[in-house]
Amino acid sequence: MTNYWTETVSRLTPYVPGEQRSGADIVKLNTNENPYPPSPRVMEAIAAVSGDQLRRYPDPESVALRTVLAEYHGLDVSQVFVGNGSDEILALAFLAYFTNHKVLQFPDISYSFYPVYCDLYGIEARTVALTDDYVLPIESFEPNAGGIVFPNPNAPTALAAEESAIAGLLVRHTEQVLLVDEAYAGFGASSVVGLVNRFPNLLVSQTYSKSRSLAGMRLGVALGHPTLIEGLQRVKNSFNSYPVDALAQAAGIASIQDDTYYRKTIDQVIETRRQTVSGLQKRGFEVLPSSANFVFAKAPGGEAGKIFSELDKAGVLVRYWDKPRLNEWLRISIGTDDEMMRLMTALDA
Ligand SMILES: *Cc1c(COP(=O)(O)O)cnc(C)c1O
């Protein structure tokens, strides 16, 4: 049967998200969700949203939320953009800055959504190879040859780059946008938000999905020069004027206002990560130093595929890629202490 897809749609290779399997006995360590719920103040703020607020359209520019975020980051509201998850922000940013007939550079091992957007928009990609130790060689990006995007810390390696190395790149790279994807900000890497006032071509994106326990809400933030933010607004308002709904705006404000809860949750995840690393090392895994809420671990004997399937049968979900340089490794999200104990028990079995 003929389908009615355009040529572009026919040749897409869409992104495949981690499996959302549910069940009482499932230990879900495969999509880097936060094991703890959002702040009680977030739940109260969502419950307090009125029928009138749902009957009406939300504020299209999310001014109240952006004002709270601007204050939190020490920026002006004109330097803040919010979107329906940071994936949406990436999609808008690629269209706004990278469909310029230049190449887009990103690491060969990194967030697998970047090549998908390139495919969708027809952007030519050039990858920069990680070193044998999986480190991102920032000096290997070619300044001004085209845009640059990378996650910091990188995914799935969890390794963070130094702020000074990124600042050095920005000094050399002035003609194109550098997009730093800080999806895992808060878990140990230093943020480059402090560089936003110095470099008009730096866009930093962050998400509420990981450190702020709101993956189900879909909320992302971008911070940058007002001109970059205006570019995102122009694309947003040519696509969907209301990407952030009333519930997400209320939840986002409440989350930022409860910094004590945020820090407590992060500290707990970091402590559990420390114990997980030592538990994995005792069992013969090699673990890269993590600045994220997951660890990247090389299986003993390189048997990651086999361990992945056995864990899956035991109801412990982790992430595995059957690809060169990744196929001996597992990416394991940090859950609660109890969930990590169940991982260790399953590994021992
Ligand atoms: C999780 C993740 C995102 C997407 O986050 P959402 O806000 O949930 O869309 C973007 N980039 C990286 C590197 C991620 O790991």
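Look up a bit, the structure's there.
Keep in mind it's a predicted model, so treat the numbers as computed, not measured.

Novice: A description of the overall build of the chain should follow, citing residues and the corresponding values.
Specialist: When you go through the chain residue by residue, the secondary structure sums to twelve helices and twelve strands. In terms of overall size, the chain behaves like a compact globule, its C-alpha atoms giving a radius of gyration of 20 Å where 349 residues would be expected to give roughly 20 Å. Taking the principal axes of its C-alpha atoms as reference, the chain extends roughly 55 × 55 × 50 Å. Buried positions account for 52% of the 349 residues belonging to the chain. Considering only contacts within the chain whose residues lie at least 6 apart along the sequence, 72% involve residues at least 24 apart. Counting only carbon and sulfur atoms, one obtains 52% of the accessible surface of the chain, whose full area is about 16100 Å². Placing the 30 positive and 40 negative side-chain charges of the chain at their respective mean positions leaves the two points 1 Å apart.

Novice: Residues and numbers for the sheet that holds strand β10 (residues 294-298), please.
Specialist: One open sheet holds the three strands; their spatial order is β9-β10-β12, and the pairing between them is antiparallel. Looking at strand neighbours, the two that pair on one side only are β9 (286-287) and β12 (329-333), the edges of this open sheet. Two strands pair when backbone bridges link them, and β10 and β12 are joined in this way by five bridges, in the antiparallel orientation. When the bridges of β12 are listed, Val295 appears paired with Ile332.

Novice: Run through the pairing of β10, naming residues and quoting values.
Specialist: The element β10 is largely enclosed, with a buried count of four among its five residues. Pairing of β9 with β10, which is carried by two bridges, proceeds in the antiparallel orientation. Its bridge partner being in β10, Val287 is matched across the sheet by Ala297. The turn linking β9 back onto β10 is made up of six residues.

Novice: Outline the packing of helix α5 (residues 86-98) against helix α6 (residues 113-121), supporting the account with residue identities and numerical values.
Specialist: Where α5 meets α6, the axes come as close as 10 Å, and the angle between the chain directions of the two elements is 45 degrees. When the interaxial angle is binned, α5 and α6 end up oblique. Here the hand of the crossing between α5 and α6 comes out right-handed. Across from Asp87, Leu90, Ala91, Leu92, Phe94 and Leu95 in α5, the residues of α6 making contact are Phe113, Tyr114, Tyr117, Cys118 and Tyr121. Partitioned by chemical class, the residues of the contact of α5 with α6 number ten nonpolar, no polar and one charged.

Reading guide: rules and limits
- Residues numbered from 1 in each chain as written.
- Predicted model: local features only at pLDDT ≥ 70, side-chain atom pairs only at ≥ 80, totals over all residues.
- Heavy atoms only, no water.
- Helix = DSSP H or I, 4+ residues; strand = E, 2+ residues; numbered from the N terminus.
- Rg over C-alpha atoms; globule rule 2.2 N^0.38 Å.
- Buried < 20%, exposed > 50% of the residue type's maximum accessible area, 1.4 Å probe, protein only.
- Contact = heavy atoms within 4.5 Å.
- Areas by Shrake-Rupley, 256 points an atom, 1.4 Å probe, with all protein chains shown as cover.
- Lys, Arg positive; Asp, Glu negative; His and termini not counted.
- Charge placed at Lys NZ, Arg CZ, Asp CG, Glu CD.
- Pairing = 2+ DSSP bridges.
- Axes fitted to C-alpha atoms, helices over the stretch in contact; angles between N-to-C directions.
- Parallel < 35°, antiparallel > 145°, perpendicular 65-115°, else oblique.
- Left-handed = near helix turned anticlockwise from the far one by under 90°.
- Nonpolar A, V, L, I, M, F, W, Y, C, P; charged D, E, K, R; others polar.

Treat this as a map of the structure, not an account of what it does.
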